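Chain by chain, the residues run as shown.
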Amino acid sequence: MTWCWSAFHSQYNSLESSKFATWSRVHRTRLKPLKLPLPARIPILYVILSVLVGLSVIPMYFYSSQVEAINRDRLKTNEMLLQNTVTRSLADDIAQHQDSLRMALTNLSSAIQVSSGGDISSKNISAPELRALLENFVSSSADIAYATLLNSDAKGISAGRIAPDAFMQRELERAYSAAVDGRAYNGQALTVGSGKDTRTVVLVSTPISYAGGFFGMIGAVEDLGFLIRRMQEVNRGGLTPYVVDSQGRLVAGAAPQYATGQDMSKLEIVKNFVDSGGKAQLAATKEFAVFDGKHQTAMLGTYSPVMALDWAVVVHKPQADAYRGVFEMQRTARLLALLAALVSTALSIFVARKITNPLEILTQSSRAIARGDFSQRVHLRSRTEIGELAETFNVMSEELEQFVLDLKRAAEENRALFMGSIQMLAGAVDEKDPYTKGHSDRVTRYSVLIAKELDMPEHFVETLRISALLHDVGKIGIEDRILKKPGALTAEEFEIMKTHTTKGANILRPVKQLREMLPGIELHHEALDGRGYPYGLKGDQIPKLARIIAVADTFDAVTTNRPYQSAHDPLDALRIINSLIGKRLDGDCVAALNAVFERGDIRIHRVIEVAAASSAMPRPPASAGAAPQPDVEAGLDKMRV
């Protein structure tokens, strides 16, 4: 057997080497260096440079000089107006939110007085009606993170999505003190939470008065997320926005380097607001400088006060960016630009057509080659490098077309030789026993039908096809006296027969191209319940390749005549196979076999002897030492499939 395989392998390698040598000689001759005539040409580099210098550099130089000189002051005004508009809009948003919150607190105060009947003493402060009012107030707005109601004894209830920390507790104490004095309170901006849950909040409170006396206090913690989102939108436009209080401390900022509570008064624009004592009523725009320790950057900034809170919205931008906007053209600049545009357009259209038309043809042909159409040729006449490129392109396309055809032909020949060799080897195995003639072909056909029914990928189906063809190749190493024995095997003979799986795997293992097929060859007699061979694998330990071949192998064995059994009718065979689901065979694979049989894809073209499964399959001898099994399983255990 070893000699036969070695001779076959040597013959195959010899054929491959001879074919490769012939192919190499042909292509070495075909791919020799090309000797193309070099036409007298005008370098395209000179053409492009002339066009760029004549149409772009010189006119645009005069254009940019005139525009920069004429429009600098106007650009400054436009940028200042833009910053003023942005800060005023943000300040109005803050004031509007503050007014809305104050109004909501006033409405809540009235509702509490009505609901409580003017009594929120300690015994009534926890009334369900008051708690419901407070919870509805918090849930009515995504900007309200927490709210509390305190009576004149500083006892009360609260609701919200956050828990006050020590800093917030101090703010609540200050707010309560202000409420006792009859004053509303706006707290300092605080940061609560950590990581992704970090929020910037501020406490707003209002006293509740009843019959001219102090009744209690309502405090609401406002989430400044709405303000941060607005500032982030502004930040994406190139401005750096933030909000400061009357002492220059940061309330909220869009840039990550700014933290709530940070002292921003070192910036001149913030210092100007702080120096006004919180009395500024109009937006102010100023040029100032920022020094980071090494470099000084000239900036343009604007602040707009938020009167109700003694806050200010500040934005700034480096002057290098602020003054690099779109210049508003004056009459002279527009005339120059129009003249340059007309000349550039006219000449550019002419030159562009001369350059782009050939390039477009080359591009279309290149795309065709990229799609695999190597028959494309470029018909182009030009004295520039484009003409030379087109001629070279045509030669390259011709060579590639021939080269790809040769590769395809060689690949098809290799595959045909490979599959023919496998078919020959499988046929040699089947020919050892006249009763199993065509067995490998039938198992292969059944296996492929099952795999396609299971919707397995094409690569898997091709691997399965080869594995099924070679699944019994190890029987070459089994003695004829055992392989062709016209009856049931003894226990010792059956142990020898079982080695055909590992023999087959060992024969093919040195062939690298067949390694993916080895599981189907070596493991197709494994059983799901662990009673198979050669390794006694169970369940999912058995690969899909082997499970499919096992079903196909069993079906063919049961439906063919053997010296030791009569063939079963296909329907009887299917009943036998279905009875082995979960024991020997995989349920999905058996279901797929049933489906393809019912569809008529499997037909048994031979005369068979119909016999009952219990009488057709021999029982294993008592000397096997195994526990008695049902007739079907015992018969299959002894089949030489």
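Up top is the structure these notes are about.
Quick summary incoming for the structure in this document. (Residues numbered from 1 in each chain as written. Predicted model: local features only at pLDDT ≥ 70, side-chain atom pairs only at ≥ 80, totals over all residues. Heavy atoms only, no water.)

## A short note on the overall build of the chain
In step 1: Of the regular secondary structure elements, the chain holds 20 helices and 10 strands.
In step 2: Counting every position in the chain, which comprises 641 residues, the buried fraction comes to 42%.
In step 3: Within the chain, residue pairs in contact and separated by at least 24 positions form 62% of the contacts whose partners lie at least 6 positions apart.
In step 4: In the form shown here, the chain has an accessible surface area of approximately 33,900 Å², with 56% of it arising from carbon and sulfur atoms. (Helix = DSSP H or I, 4+ residues; strand = E, 2+ residues; numbered from the N terminus. Buried < 20%, exposed > 50% of the residue type's maximum accessible area, 1.4 Å probe, protein only. Contact = heavy atoms within 4.5 Å. Areas by Shrake-Rupley, 256 points an atom, 1.4 Å probe, with all protein chains shown as cover.)

## A word on the environment of Leu 537
In step 1: Inspection of the secondary structure puts Leu 537 in the loop between α15 (518-523) and α16 (544-558).
In step 2: In this structure, the C-alpha to C-alpha distance between Leu 537 and His 525, residues 12 residues apart in sequence, is 9.8 Å.

## Observations concerning the sheet that holds strand β3 (residues 185-192)
In step 1: The five strands are arranged β2-β1-β5-β4-β3 in an open sheet whose pairing can be described as antiparallel. The sheet terminates laterally at β2 (156-160) and β3, the two strands that pair on one side only. Within the sheet, the average angular offset between the axes of one strand and its neighbour, ignoring direction, is 15 degrees.
In step 2: For β3 and strand β4 (residues 199-210), the ladder comprises six bridges, and the chain directions are antiparallel. Residue pairing across strands places Leu 190 opposite Val 201, the latter belonging to β4.
In step 3: Its contacts with the sheet place helix α4 (residues 166-180) against β1 (144-151), β3, β4 and β5 (213-223), and it is angled at close to 175 degrees to β3. (Pairing = 2+ DSSP bridges. Axes fitted to C-alpha atoms, helices over the stretch in contact; angles between N-to-C directions.)

## Overview of the pattern of salt bridges
In step 1: Tallying each qualifying case throughout the model produces 22 salt bridges.
In step 2: For Asp 245, the salt bridge goes to Arg 249, with nearest N and O atoms at 3.2 Å.
In step 3: Look at Asp 245 and you get buried, because its relative accessible area is 11%.
In step 4: Its relative accessible area of 25% is what places Arg 249 among the partly exposed residues.
In step 5: Here Arg 481 and Glu 479 are joined by a salt bridge, their closest N and O atoms 2.9 Å apart.
In step 6: What emerges from the salt-bridge pattern is a single network uniting Asp 540, Lys 544, Arg 547 and Asp 586. (Salt bridge = Lys/Arg side-chain N within 4 Å of Asp/Glu carboxyl O.)

## Some words on the packing of aromatic side chains
Given two aromatic rings, their pairing is described by the distance between the two centres and the angle made by the two planes.
In step 1: The tally for this structure, following the rule as stated, stands at five aromatic pairs.
In step 2: Each ring, one from Tyr 446 and one from Phe 555, has its centre 5.3 Å from the other, and the planes form 75 degrees; the classification is edge-to-face. With Tyr 446 in helix α10 (residues 439-453) and Phe 555 in helix α16, this residue pair connects regions lying 109 residues apart in the sequence.
In step 3: Consider the rings of Phe 494 and Tyr 533, whose centres lie 6.1 Å apart with planes at 85 degrees: the pair is edge-to-face. On the criterion of sequence distance, the pair formed by Phe 494 in helix α13 (residues 491-497) and Tyr 533 in the loop between α15 and α16 is long-range, its members being 39 residues apart.
In step 4: Look at Tyr 533 and you get buried, because its relative accessible area is 11%.
In step 5: The rings of Tyr 446, Phe 555 and Phe 597 are connected pair by pair, giving a single aromatic cluster. (Phe/Tyr/Trp six-rings, centres within 6.5 Å; stacked < 30°, edge-to-face > 60°.)

## Some words on α16
In step 1: Helix length check: α16, at 15 residues, gives a terminal C-alpha distance of 21 Å against a target of 21 Å (1.5 Å per residue), a fit within 8%.
In step 2: Across the 15 residues of α16, 14 count as buried, placing the element largely inside the fold. (Expected span 1.5 Å × (residues − 1).)

## Things to note about the environment of Ala 220
In step 1: Structurally, the position occupied by Ala 220 is in strand β5.
In step 2: Assessed through its relative accessible area of 0%, Ala 220 is described here as buried.
In step 3: Separated by 16 residues in the primary sequence, Ala 220 and Val 204 place their C-alpha atoms 5.3 Å from one another.
In step 4: Setting aside residues no more than four positions away along its own chain, Ala 220 makes contact with Leu 101, Leu 105, Phe 137, Tyr 146, Ala 147, Val 202, Leu 203 and Val 204.

## A few points about the pairing of strand β8 (residues 284-291)
In step 1: Here β8 pairs with strand β9 (residues 296-306) via eight bridges, running antiparallel. Paired with Lys 286 across the two strands is Gly 301, which belongs to β9.
In step 2: The turn linking β8 back onto β9 is made up of four residues, and Gly 293 within it adopts a positive phi angle of 105 degrees.

## Quick word on the environment of Asn 235
In step 1: Tracing the chain through its elements places Asn 235 in helix α5 (residues 225-236).
In step 2: Sequence separation between Asn 235 and Ala 255 is 20 residues; the distance between their C-alpha atoms is 7.7 Å.
In step 3: When residues no more than four places from it in sequence are discounted, the contact partners of Asn 235 are Thr 240, Pro 241 and Ala 254.

## Some thoughts on the nonpolar core
In step 1: Grouped together as the largest cluster of nonpolar side chains are 31 residues, with contacts concentrated most on Ile 450, Phe 555, Leu 593 and Ile 602.
In step 2: Of all elements in the fold, only α10, α11 (458-469), α16, α17 (570-579) and α18 (587-598) reach the threshold of two or more residues within this core.
In step 3: Ranked by residue count, the leading element in this core is α16, at eight residues.
In step 4: The contacts of Ile 602, once residues within four sequence positions are left out, are Tyr 446, Leu 449, Phe 555, Leu 593, Val 596 and Phe 597. (Core = buried A, V, L, I, M, F, W, Y, C linked by side-chain atoms within 4.5 Å.)

## Here's the deal with the sheet that holds strand β10 (residues 311-318)
In step 1: Spatial ordering of the open sheet is given by β7-β6-β10-β9-β8, a layout of five strands whose pairing is antiparallel. The two strands at the open ends of the sheet, each matched to only one other strand, are β7 (250-253) and β8. Across the sheet, the mean angle separating the axes of adjacent strands is 30 degrees when strand polarity is ignored.
In step 2: Where strand β6 (residues 240-244) lies against β7, three bridges are found, and the strand directions are antiparallel. Each bridged residue has a counterpart across the sheet, and for Val 243 the counterpart in β7 is Ala 252.
In step 3: Across the face of the sheet, α5 comes into contact with β6 and β7 while running at roughly 150 degrees to β6.

## Overview of unusual backbone geometry
Apart from glycine, the bulk of residues carry a negative phi angle, and the bulk of peptide bonds sit in the trans form.
In step 1: Looking along the chain, the bond that leaves Tyr 533 and enters Pro 534 is cis, with omega of 15 degrees.
In step 2: Turning to its location among the elements, Pro 534 is positioned in the loop between α15 and α16.
In step 3: At Ala 154, a position not held by glycine, the phi torsion is positive, near 65 degrees.
In step 4: Note that Ala 154 resides in the loop between β1 and β2.
In step 5: Residue class for Ala 154 comes out partly exposed when judged on its relative accessible area of 44%.

## Describing the packing of α11 against α16
In step 1: Contact geometry for α11 and α16: axes closest at 10 Å, N-to-C directions at 55 degrees. Between α11 and α16, the angle falls in the class oblique. When you trace α11 past α16, the crossing you get is right-handed. Where α11 abuts α16, its residues Phe 460, Thr 463, Leu 464, Ser 467 and Ala 468 lie against Lys 544, Leu 545, Ile 548 and Ile 549.
In step 2: A per-class count over the contact of α11 with α16 returns six nonpolar, two polar and one charged. (Parallel < 35°, antiparallel > 145°, perpendicular 65-115°, else oblique. Left-handed = near helix turned anticlockwise from the far one by under 90°. Nonpolar A, V, L, I, M, F, W, Y, C, P; charged D, E, K, R; others polar.)

## Brief notes about α17
In step 1: Within the span of α17, buried status applies to Pro 570, Ala 573, Leu 574, Ile 576 and Ile 577. The buried residues of α17 occupy an angular sector of 160 degrees when the element is viewed end-on, so they sit on one face.
In step 2: If you check the start of α17, you find a side-chain oxygen 2.9 Å away from the backbone N of Leu 571, and it comes from Asp 569. (Arc of directions from axis to C-beta. Polar contact = N/O pair within 3.5 Å; in protein donor to acceptor, adjacent residues only side chain to side chain.)

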